[in-house]
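# Chain and residue survey
One letter stands for each residue in the lines below.
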Amino acid sequence: MQYTLSYQKPEQQYLDISLKMDGLSDEDFVTLQLPAWRPGRYELGNFAKNIQRFGVKDDKGKSLRFEKVSKDSWIVQCKQAKSIVVDYNFYSAELTAGSTWIDEEMLYVNPVNCFLYRPDAMHHAAEVKLKVPKNYQVATGMKLKNKHTLLARDVQELMDCPFIASADLKHDSYKVGKQTFQIWLAG
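Notes on the structure in this doc start here. The residue numbering used here restarts from 1 in each chain and proceeds along that chain's sequence as written. Totals for whole chains, interfaces and linings use every residue, but because this is a predicted model, local features are given only for residues with pLDDT of at least 70 and side-chain atom pairs only at 80 or more, for both listing and counting. Side-chain numbers come from the whole structure's heavy atoms, not from hydrogens or water.

Let us now look at the sheet that holds strand 13 (residues 137–140). Spatial ordering of the open sheet is given by 10-11-16-13, a layout of 4 strands whose pairing is antiparallel. The sheet is open, and its two borders are formed by strand 10 (101–102) and strand 13, each paired with just one other strand. For two strands to count as paired, DSSP must find a minimum of two bridges between them. Strands are runs of DSSP state E lasting at least 2 residues, helices are runs of H or I lasting at least 4, and numbering of each runs from the N terminus. Bridge count between strand 13 and strand 16 (residues 163–166): 4 bridges; the pairing is antiparallel. The residue bridging Q137 from the neighbouring strand is S166, located in strand 16.

Next up, the structure:
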């Protein structure tokens, strides 16, 4: 799974998300799920309410049919498609530890809010490309492939690793025994 995050006008607080999934040639349909849980809070959320625009295309750029089958899941008809690209945007205007936020100075993403995934492919690795200003640093628990590309070994790690990108991040670390702790501050 490859996620690409971008935005045109951060002051409008819409995060554009593109999800590419490969290796679908034998499947007639794919189920996509948006999480409904909030880690550490033991509560359900309705994050799908923040999706304004949603579309799916195959590897040839042809629009595919989809149906929203619950408040936070979709079925995409993808017969004979080798890959699909799901494009949607997410309203990111709540700044809490469990939410997603975008403005002119910062991008904070909690993947549990806004990253679609395949329930039948939880073990698949994920790559997250951030199209942010070049001077932005990124703080996350995921591995960095490069300055603005993050890697998660599977969906569980992806969902458990919020990240922040900003030019104004401050970083420090300390060690207790053999464990190193990272501290990132914004603002």
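Our next topic: a negative patch on the surface. There is a patch of like negative charges on the surface, built from E11, E104, E105 and D168. Along the chain, E105 falls in the loop between strand 10 and strand 11 (106–109). For the exposure calls, accessible area comes from a 1.4 Å probe over protein chains only, and a residue counts as buried if that area is under 20% of its type's maximum, exposed if over 50%, partly exposed in between. Given a relative accessible area of 54%, E105 falls into the exposed group. A patch consists of residues whose relative accessible area exceeds 30% and which take part in no salt bridge; residues with like charges are grouped when within 9 Å of each other, and nonpolar side chains (Val, Leu, Ile, Met, Phe, Trp, Tyr) when within 5 Å. What sets the accessible areas is the Shrake-Rupley method with a 1.4 Å probe; for residues, cover comes only from the shown protein chains. Salt bridge, as used here: a side-chain nitrogen of Lys or Arg that lies within 4 Å of a carboxyl oxygen of Asp or Glu. When charges are tallied, Lys and Arg are placed among the positive residues and Asp and Glu among the negative ones, while His and the ends of the chain are skipped. Note that the charge is assigned to NZ on lysines, CZ on arginines, CG on aspartates and CD on glutamates.

Relative to the helices and strands, K79 is located in the loop between strand 8 (73–77) and strand 9 (83–91). Along the primary structure K79 and D58 are separated by 21 residues, whereas in three dimensions their C-alpha atoms are 9.5 Å apart. Any two residues whose heavy atoms approach within 4.5 Å are treated as being in contact. Once you skip the residues sitting within four places of it in the chain, K79 turns out to touch E27 and D28.

Bringing the side chain of Q13 into the picture now. Of note, Q13 is situated in the loop between strand 1 (2–6) and strand 2 (14–22). Within the structure, Q13 has its side chain in polar contact with the backbone oxygen of I102 (distance 3.0 Å). In contact with Q13, not counting residues within four places along its chain, are F90, Y91, S92, A93, W101 and I102. N or O atoms within 3.5 Å of each other form a polar contact, as long as, within protein, one can give a hydrogen and the other can take it, and as long as residues adjacent in sequence are counted only when both atoms are side-chain atoms.

Note that all results are geometric; they support no functional claim without further evidence.
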